[in-house]
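This is what each chain is made of:
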Amino acid sequence: MSVTELRVHGVAGHSAEQILGRQHTTRVAGDAEAGFYRPTPPEDPRGPAGFDLEAYRWGSLTSGAAARALWLLLLPFTLANLTIWLRPAGRRGAGLCRLFALSLTGTFVLGISGVTIDLLGWQRGGGRWVWLGALGTAATIGLLWYLGRRTWIHYESYPANGDGFGEPSFWDGRALVGVGRALHVGAAFATLGAVVPGPAWGRWAAVAVLAGTGVATLLPGMADTNAPARWAAPFAGVLRTAGLLVATVVIGYAAHQPPEPRHPGALPGYAATVTWLFAAQSGLLLLLALRAGRTPALVGSYALWVTALFNSGLGHRVAGVLPGDPVLPAAYRWTALGFDFALLVGVVVVLIALRVLRRARAAARAVTDRDFPGKRATDPTRAGRIDAAIGGSRLTESARPLLLGGYVPLLLGALAATGLALADARVPTALVWAVNTGTWLIGAAVLALMALGLWAYSSQTVRRTVGALWDIGTFWPRAAHPLAPPCYAERAVPELAGRIRGLGDVVVVGDSQGSVLSFAALLHLGAARPAGAGLVTHGSPLTRVYSRYFPAWVNPGVLGRVAAPWANLWRDTDPLAGPVSAADNRRLVDPLEFTGPIHGHGGYRSDPAYVEVVRAAAIPR
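Reading the values: the criteria
Residues numbered from 1 in each chain as written. Predicted model: local features only at pLDDT ≥ 70, side-chain atom pairs only at ≥ 80, totals over all residues. Heavy atoms only, no water. Helix = DSSP H or I, 4+ residues; strand = E, 2+ residues; numbered from the N terminus. Buried < 20%, exposed > 50% of the residue type's maximum accessible area, 1.4 Å probe, protein only. Contact = heavy atoms within 4.5 Å. Areas by Shrake-Rupley, 256 points an atom, 1.4 Å probe, with all protein chains shown as cover. Phe/Tyr/Trp six-rings, centres within 6.5 Å; stacked < 30°, edge-to-face > 60°. Lys NZ or Arg CZ within 6 Å of the ring centre and 35° of its normal. Pairing = 2+ DSSP bridges. Polar contact = N/O pair within 3.5 Å; in protein donor to acceptor, adjacent residues only side chain to side chain. Core = buried A, V, L, I, M, F, W, Y, C linked by side-chain atoms within 4.5 Å. Axes fitted to C-alpha atoms, helices over the stretch in contact; angles between N-to-C directions. Left-handed = near helix turned anticlockwise from the far one by under 90°. Nonpolar A, V, L, I, M, F, W, Y, C, P; charged D, E, K, R; others polar.

Describe in detail the overall build of the chain, supporting the description with residues and values.
Broken down by element type, the chain carries 20 helices and 8 strands. When each of the 621 residues of the chain is scored for burial, the buried share is 55%. Long-range pairs, those at least 24 residues apart, make up 77% of the contacts in the chain with a sequence separation of at least 6. With the model as given, the accessible surface of the chain reaches about 25400 Å², and the carbon-plus-sulfur share is 65%.

Next comes the structure, spelled out in structure tokens:
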């Protein structure tokens, strides 16, 4: 039986023709979203190693459609979902992660309600416009509900086989996501019901549903990764229906109230709700830091702050176009001012990063001089460029300290702003200009985020940079936040595993994030792994990124479970890749020639060592 060289691309999302190096290809399995391709005549079906070529193209799961740029607006949900995977071994704090994620859905609803119900309904239009504004918020919740279910059908609802990545049904999130989605939708509608002005019984009913969803989120049977309890889905469905019913009744009540004149002040209780919820979420993150360490709490804090900034910017921009003098929560004013402070902190972090880069570049001279002895004297400028590439790649190790360094002043600023907002303190007149500047900068940042998403899906260069972070974030199942962008790996890993099992004699070649999918697929197969399967990875972030930030799930013990010939190629100029503990590692000199191109994270197949290691991974069975 012939051996197949199955190539799995990385974050750039290349076409099948680029992956295979052939002009003519055809899909032999899968679909347009993720499929397997082979060369077609008159192309040579064999690669340089002498094996049959095949490519697994999964890039359309995370890129290719401009509409998916809107997923970047759900970045806080993605970060909240990551908190549950960033916990260290022992996996404490899972319930806190899920509860925080649920509260973030409430913050999202409050932000939309501040525009539709408070500004447009209560302050601008009176009682009749309140219920119309509430319908606008309900429509937004319905859109999230629809998108959550649609992406579930296309991603998580994919048949799994074999053993999972850590747990038997790790890559089958259909039941877990369905239960979580019901709880979040129920909480979202209950939050809406609590915001709409109406009878006291309506608000208490909404609070009761919110309390029920919070308690349900903490129940082990609701969040069992292998399979939620049998009662979990019906119970979550009841809470979802209850939240929808409360919102419907309260909105209906508001719609039948006689019209009122425009209200001079803000919606009663709205500002206090925004501020106290932020304070409660900060307390949750503090508990999470004590239970599960700093990294999950840090990422959760950034999720909370981004959401707060979005809500503040949206509120200020809408208030700015309305006649009169709309009243905004004090928290929004202090948040806008805080964004100016955050930019200053960001500038300081960048300056520190540049200083770290200079030191790393100086330390890289030894590597350059070892690889190209005597060349620095002939062309110091060229040697300096190689030093810069090696030094820049080492910033990866400094990412967490830099984020933690920026986190401390931001945390202190957030706590101070929360206290001032709770005290309903006014921003000093001398700083009003800074608040106005902050609101415009927040709006510009949101537009820039969307533009970056569109640019990333149309430019390979930008996609390689942004996509690396995005693909890491959406690699993990939606265990904490079911309304986050979908987990592409829940389709890609089982699909790739099934193809490997069907091919039998195969060398799986994973590039960058494709190396993570390839590793996960072989681990997913477990005892069903074909005896003729080998693995080659290059540009792999498995140790340098995944083991560092997700130690409970990727560690030497887990990596060692892949009982197959495994070779790993890496370079000093690669900012994401490094040696992998369980593999036969081979460091590649970059550039190949002193005056040649510096490849960094790409171009591994152009190195002569590539053919050698692919052949070695396909030893006779």
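Describe in detail the packing of aromatic side chains, supporting the description with residues and values.
If you walk through the whole model with that rule in mind, you get 17 aromatic pairs. Their ring planes at 85° and their centres at 6.5 Å tell us that Trp 201 and Tyr 253 sit as a pair that is edge-to-face. Separated by 52 residues along the polypeptide, Trp 201 in helix H6 (residues 200-218) and Tyr 253 in helix H7 (residues 232-255) bring together distant segments of the chain. An angle of 40° between the planes, with centres 4.7 Å apart, marks the rings of Trp 476 and Phe 550 as tilted. Of this pair, Trp 476 sits in the loop between helix H15 (460-473) and helix H16 (489-503) while Phe 550 sits in the loop between helix H18 (542-549) and helix H19 (556-559), and the two are 74 residues apart along the sequence. Owing to a relative accessible area of 1%, Trp 476 belongs among the buried residues under this scheme. Members of the aromatic cluster, each reached through a chain of ring pairs, are Trp 58, Trp 85, Phe 475, Trp 476, Tyr 488, Tyr 546, Phe 550 and Trp 553. A cation over an aromatic ring shows up here: Arg 499 above the ring of Phe 36, its NZ or CZ 5.4 Å from the ring centre.

So what's going on with the environment of Glu 43? Which residues, and what values?
For Glu 43, the location among the structural elements is in the loop between strand S3 (35-39) and strand S4 (52-57). Spatially, the C-alpha atoms of Glu 43 and Thr 25 are 8.4 Å apart, while their sequence positions differ by 18 residues. Setting aside chain neighbours within four positions, we find Glu 43 in contact with Arg 22, Gln 23 and His 24.

Any chance you could break down the pairing of strand S7 (residues 566-571) for me, citing the residues and the numbers?
Of all the 6 residues making up S7, 6 are buried; the element is thus mostly covered by neighbouring parts of the structure. Side chains Trp 566, Asn 568 and Trp 570 project from S7 onto one buried face, and the interleaved Ala 567, Leu 569 and Arg 571 project onto a second face that is buried too. Note that strand S6 (residues 533-538) and S7 share 4 bridges and pair parallel. Residue pairing across strands places Val 536 opposite Ala 567, the latter belonging to S7. Bridging between S7 and strand S8 (residues 584-588) involves 5 bridges; their strand directions are parallel. Note on S8: the bridge partner recorded for Ala 567 is Asp 584.

Summarise the side chain of Asp 574; cite the residues concerned and give the values.
The residue Asp 574 is located in the loop between S7 and S8 in this model. A distance of 3.3 Å separates a polar side-chain atom of Asp 574 from the backbone nitrogen of Ala 577. Among the polar contacts listed, one links the side chain of Asp 574 to the side chain of His 601, at a separation of 2.7 Å. Those residues in contact with Asp 574 that sit more than four places away from it in its chain are Ser 393, Gly 539, Arg 544, Gly 600, His 601 and Tyr 604.

Explain the nonpolar core to me, using residue names and the numbers behind them.
Counting 133 residues, the largest nonpolar core has Leu 192 and Ile 500 as its most contacted members. It is helix H3 (residues 94-125) that provides the largest number of residues to this core, a total of 14 residues. Every residue in contact with Leu 192, bar those within four places of it in the chain, is listed here: Val 109, Ser 113, Ile 117, Ala 134, Thr 137, Ala 138, Ile 141, Ala 247 and Ile 251. Of all hydrophobic cores here, the second largest spans 18 residues; its members include Leu 569, Leu 588, Val 611 and Val 613.

With reference to specific residues and values, describe the packing of helix H10 (residues 330-371) against helix H12 (residues 380-393).
Viewed as axis vectors pointing N to C, H10 and H12 meet at an angle of 115°, and their least axial separation amounts to 7 Å. Regarding H10 and H12, the two cross each other, and that crossing is right-handed. Between H10 and H12, the contacting residues are Leu 357, Ala 360, Arg 361, Ala 364, Arg 365, Val 367 and Thr 368 on the first element and Ala 383, Gly 384, Ile 386, Asp 387, Ala 388, Ile 390, Gly 391 and Gly 392 on the second. In terms of residue class, the contact of H10 with H12 is made up of 8 nonpolar, 4 polar and 3 charged.

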